[in-house]
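# Structural overview
The residues making up each chain are set out below.
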Amino acid sequence: MSKETASPSLLTAVKELPGNVWKSLFRNPLPTNDLERSSTSFTNFFLHIHPVKVHKNTLRPSYTLGLGLISFFLFMILVVTGILLMFYYVPSTTQAYDRMLDLRGSVAFGTILRNMHRWSAHGMVAVVVMHLCRVFLTGSYKKPREFNWVLGVVLLLLTLLMSFTGYLLPWDQLAFWAITVGTAIAGYAPIVGKDIQFLLMGGSTVGQEALLRFYVLHVAVLPAVLTLSIAIHFWRIRKDGGLSRPADADPTPPMEMAGSAADPRPSTLDGKKTYGLQGLVRGPLTKVNNIPDNTVFSWPNLFMSELFVFVMTLAVVLVLALLFNAPLEEPVNVMHPPNPAKAPWYFLGLQEMVSYSAFWGGIGVPGIFVGLLLLTPYLDRSPKGVGKWFSRDRLLANTIFLTFLLANVIFVIIGTFFRGPNWAFVTPW
Amino acid sequence: MAVSRRRMLAWITGTGLVGSGVLSAISNFVFIKPRATYGQPQRFSIGKPDDYPAGTRIALDARRICVVREGNRIAAVSTTCTHLGCIVGLADTGFACPCHGSRFDSDGTVTGGPAPRPLPWYKITLAPNGEIEVDKDTEITPGSYLTL
């Protein structure tokens, strides 16, 4: 070995250790110029999901209301608090309820963790629905974002399933009767209904097997599916060109470059040639110094907004968790359902519908509703009115959507306030 | 047209891989479907006829039945709602479900709410030791009592 490159002495190595470890973790210093701002997003695994630059429209709080981000942050809070709760929970019909009491009585931070988990779950259902409304009312499901809309609907269903499987675990009265009713509704599905009911319950009556099954769904199966779907949802946002924006939000490129913008695969691509990544990028090939665009660097603009939304979300969840305790009903009494036996608010619309017809309320109408939601971007193919709240071009679609939404809200209100013992109609005043 | 050896091998490989994938997916469902379940016994004794005086309706909640006695006739009516499986409570007019508002008269006939079928009546026999035996596996025509 030659001595030309003198290796630094051990002392120097120790002295420079902190700096070197830092530099091996983060390849760039805090950015001071545009090149470094790009590298910051580009070279960090966690930031790499973001584009180097984002459109200014994306950062308008009044456009997105930050709802997608809030859903994601709530999910993160749910994962963290959920994992912590798993340290004390036992999915056993004889122990589950006692463990809930332990959380309340003898586990440090037990109450607040359970509260955070419960209120984040309620919040996530609400925020995911609001996010769906935002995307619909701004026409953002339209080409090329059709599939991401479909993924979004799947994420809504997964959120509801997560919530449902979750509130069964304390094995209180709500849990037992909700499993009884929920699996019975599944039993009304045509052809496979009875088999699904049997698989969910792991037997012919609701008991230990059912609790264990819902536990496994809640802590392993559904979170895995949900995480994967969220990852694809985010990845598609970038592949679909970022969040939607109105057509006039971008300056028109000069004529000689306009050709390839509309065509996802420019005709100049030749199937027999070898291409690098940049050869496949859509749109005008280069913008540098040519077009004044409406983008800003993700660092710091996007990251600071995200940090702000995260801190706000966490703060609200913490305050709610400190002020209000998560409900825990009486321990399971197989012989007496509470009267009236009510689901959490977001399922009360469903319960109200089910009280008219088990099949139509539990399978038929929700099935049609979800089917219509999934098909929305394939039925409404007019490219007009994207990126604008309540665009006049989308009056019909928005009206239909809001009608469905309002119907469900009315059912929820009826179920919450106007139903008394034996599900009889009562007036709350 | 003759299929080349390479194409045929590719086809067999592809079919094998997809087939194994489908089979393993199905086997998951076979795995999670229990072969044996451990439920409550469906035939059980509910005591002597003297425990149920004439004219009473006594709900045995643990068994999910209601014992009805009129004079010297006795019957067992299910208290599991035929709508979504909640347990119905005794009401002045018969039975009422607290979950979705199904209503039944004292014979179990639907009088309101979403229940699709009347409450089933179970076969009831007098065992040699003088106790009443209920068989929840056998449904009988509503209205058919056992005369003591």
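Residues numbered from 1 in each chain as written. Chains lettered and ligands numbered in written order. Predicted model: local features only at pLDDT ≥ 70, side-chain atom pairs only at ≥ 80, totals over all residues. Heavy atoms only, no water.

Heading Subcellular location (unreviewed entry) of the UniProt record for chain A holds this comment: "Membrane". (UniProt positions renumbered as here; feature names shortened; annotations may be inferred.)

## Brief notes about the overall build of chain B
When you go through chain B residue by residue, the secondary structure sums to one helix and eleven strands. Counting from the amino terminus, chain B carries its helices and strands in the arrangement α-β-β-β-β-β-β-β-β-β-β-β. The C-alpha atoms of chain B give a radius of gyration of 26 Å, which is well past the 15 Å a tight globule of 148 residues would have. Principal-axis analysis of the C-alpha atoms gives chain B an extent of 85 × 40 × 25 Å. Sequence-distant contacts in chain B: of pairs separated by 6 or more residues, those separated by 24 or more amount to 37%. Accessible area of chain B: about 8700 Å², with a carbon and sulfur share of 57%. Charged side chains in chain B number 16 positive and 12 negative. The centres of these two groups are separated by 20 Å. (Helix = DSSP H or I, 4+ residues; strand = E, 2+ residues; numbered from the N terminus. Rg over C-alpha atoms; globule rule 2.2 N^0.38 Å. Contact = heavy atoms within 4.5 Å. Areas by Shrake-Rupley, 256 points an atom, 1.4 Å probe, with all protein chains shown as cover. Lys, Arg positive; Asp, Glu negative; His and termini not counted. Charge placed at Lys NZ, Arg CZ, Asp CG, Glu CD.)

## Describing the confidence of the model for chain A
Averaged over all residues, the pLDDT of chain A equals 87, while 90% of them reach at least 70. Residue range residues 257–262 of chain A is modelled with pLDDT below 50. Its contacts to residues more than four positions away, or to other chains, number eight contacts. (pLDDT = per-residue confidence, 0-100.)

## Quick word on the pairing of strand 4 (residues 73–78) of chain B
All names here are of chain B. Most of strand 4 sits inside the fold, with five of its six residues counted as buried. Where strand 3 (residues 65–70) meets strand 4, six bridges bridge the pair, whose relative direction is antiparallel. Bridging across to strand 4, Val 68 finds its partner in Ala 75. Between the antiparallel neighbours strand 3 and strand 4 lie two residues, among them Gly 71 with a positive phi of about 60 degrees. Alignment of strand 4 against strand 9 (residues 121–126), held across two bridges, turns out to be antiparallel. Bridging across to strand 9, Ala 76 finds its partner in Tyr 122. (Buried < 20%, exposed > 50% of the residue type's maximum accessible area, 1.4 Å probe, protein only. Pairing = 2+ DSSP bridges.)

## Considering the pairing of strand 9 of chain B
Residues and elements named next belong to chain B. Of the pairings in the sheet, the one linking strand 9 to strand 10 (residues 132–140) comprises six bridges and is antiparallel in character. Considered in strand 10, the bridge of Lys 123 is made with Asp 135. What sits between the antiparallel neighbours strand 9 and strand 10 is a turn of five residues, in which Gly 130 has the positive phi angle 90 degrees.

## As for the UniProt feature "transmembrane region" (unreviewed entry) in chain A
Residues and elements named next belong to chain A. Cross-referencing UniProt, the feature "transmembrane region" (unreviewed entry) maps to residues 65–90, 119–137, 149–169, 174–192, 212–235, 307–328, 354–375 and 395–418 in the present numbering. Counting secondary structure, residues 212–235 comes out at 100% helix and 0% strand; the distance between its end C-alpha atoms is 34 Å. In residues 354–375, the share of helix is 86% and the share of strand is 0%. The end C-alpha atoms are 24 Å apart.

## Examining the state of the cysteines
Residues and elements named next belong to chain B. Here the structure, examined in full by the defined rule, presents one disulfide over all chains. Put simply, Cys 86 and Cys 99 are joined by a disulfide, and their sulfur atoms are 2.5 Å apart. Across the S-S bond linking Cys 86 and Cys 99, the dihedral sits near -115 degrees, which makes this disulfide left-handed. On the criterion of sequence distance, the pair formed by Cys 86 in the loop between strand 4 and strand 5 (89–91) and Cys 99 in the loop between strand 6 (94–96) and strand 7 (103–104) is long-range, its members being 13 residues apart. (Disulfide = S-S within 2.5 Å.)

## A few points about the sheet that holds strand 6 of chain B
One key point about sheets: their strands pair by backbone hydrogen bonds, in either a parallel or an antiparallel sense. As summarised here, the arrangement of the four strands in space is 5-6-7-8 (chain B), forming an open sheet in which the pairing is antiparallel. Of all the strands in the sheet, the pair left with one neighbour each is strand 5 and strand 8 (110–112) of chain B.

## Some points on the packing of helix 7 (residues 110–137) of chain A against helix 8 (residues 146–167) of chain A
Residue and element names in this part refer to chain A. Between helix 7 and helix 8, whose axes approach to 10 Å, the crossing angle comes to 160 degrees. By the angle class used here, helix 7 and helix 8 are roughly antiparallel. In this structure, the crossing between helix 7 and helix 8 has a hand that is left-handed. In this structure, helix 7 uses Arg 118, Met 124, Val 125, Val 128, Val 129, Leu 132, Val 135 and Phe 136 to contact helix 8, whose residues at the interface are Trp 149, Val 153, Leu 156, Thr 159, Leu 160, Ser 163 and Tyr 167. The class makeup of the residues in the contact of helix 7 with helix 8 is twelve nonpolar, two polar and one charged. (Axes fitted to C-alpha atoms, helices over the stretch in contact; angles between N-to-C directions. Parallel < 35°, antiparallel > 145°, perpendicular 65-115°, else oblique. Left-handed = near helix turned anticlockwise from the far one by under 90°. Nonpolar A, V, L, I, M, F, W, Y, C, P; charged D, E, K, R; others polar.)

## Some remarks on the packing of aromatic side chains
One pass over the structure, following the stated rule, counts 24 aromatic pairs over all chains. Summarising the aromatic geometry, the rings of Tyr 141 of chain A and Trp 149 of chain A are spaced 5.4 Å apart at their centres and angled 55 degrees between planes, so their arrangement reads as tilted. Judged by its relative accessible area of 0%, Tyr 141 of chain A falls in the buried class. Trp 149 of chain A sits in the buried class, given a relative accessible area of 5%. Taken together, the ring pairs in this structure connect Phe 164, Tyr 167, Phe 214, Trp 345, Tyr 346 and Phe 347 of chain A into an aromatic cluster. The ring of Tyr 63 of chain A carries the charged tip of Arg 134 of chain A above its face, separated from the ring centre by 5.2 Å. Note that Arg 73 of chain B overlies the ring of Tyr 145 of chain B, its terminal NZ or CZ placed 4.2 Å from the centroid. (Phe/Tyr/Trp six-rings, centres within 6.5 Å; stacked < 30°, edge-to-face > 60°. Lys NZ or Arg CZ within 6 Å of the ring centre and 35° of its normal.)

## Things to note about the interface of chain A and chain B
Note on interface size: it is often stated as the accessible area lost on association of the parts. Residue-level contacts link 30 residues of chain A with 23 residues of chain B. Ranking the residues of chain A by area buried against chain B places Leu 199, Met 335 and Asn 422 of chain A at the top, with a combined share of 25%. Scanning the region where chain A abuts chain B turns up zero salt bridges. Counting the contacts that link chain A with chain B gives six residue pairs in polar contact (both at pLDDT 80 or more). Listing elements by their share of the side of chain A that touches chain B, those giving two or more residues are helix 9 (173–187), helix 10 (193–201) and helix 14 (345–354) of chain A. The element contributing the most residues to the side of chain A that touches chain B is helix 9 of chain A, with six residues. (Buried area = accessible area lost by both parts, 1.4 Å probe. Salt bridge = Lys/Arg side-chain N within 4 Å of Asp/Glu carboxyl O. Polar contact = N/O pair within 3.5 Å; in protein donor to acceptor, adjacent residues only side chain to side chain.)

## Let's talk about the confidence of the model for chain B
The predicted coordinates ought not to be read in detail in places where the model reports low pLDDT. Taken residue by residue, chain B gives an average pLDDT of 86. The fraction at 70 or more is 99%. Across the whole predicted complex the pTM is 0.87, and at the interface the ipTM reaches 0.81.

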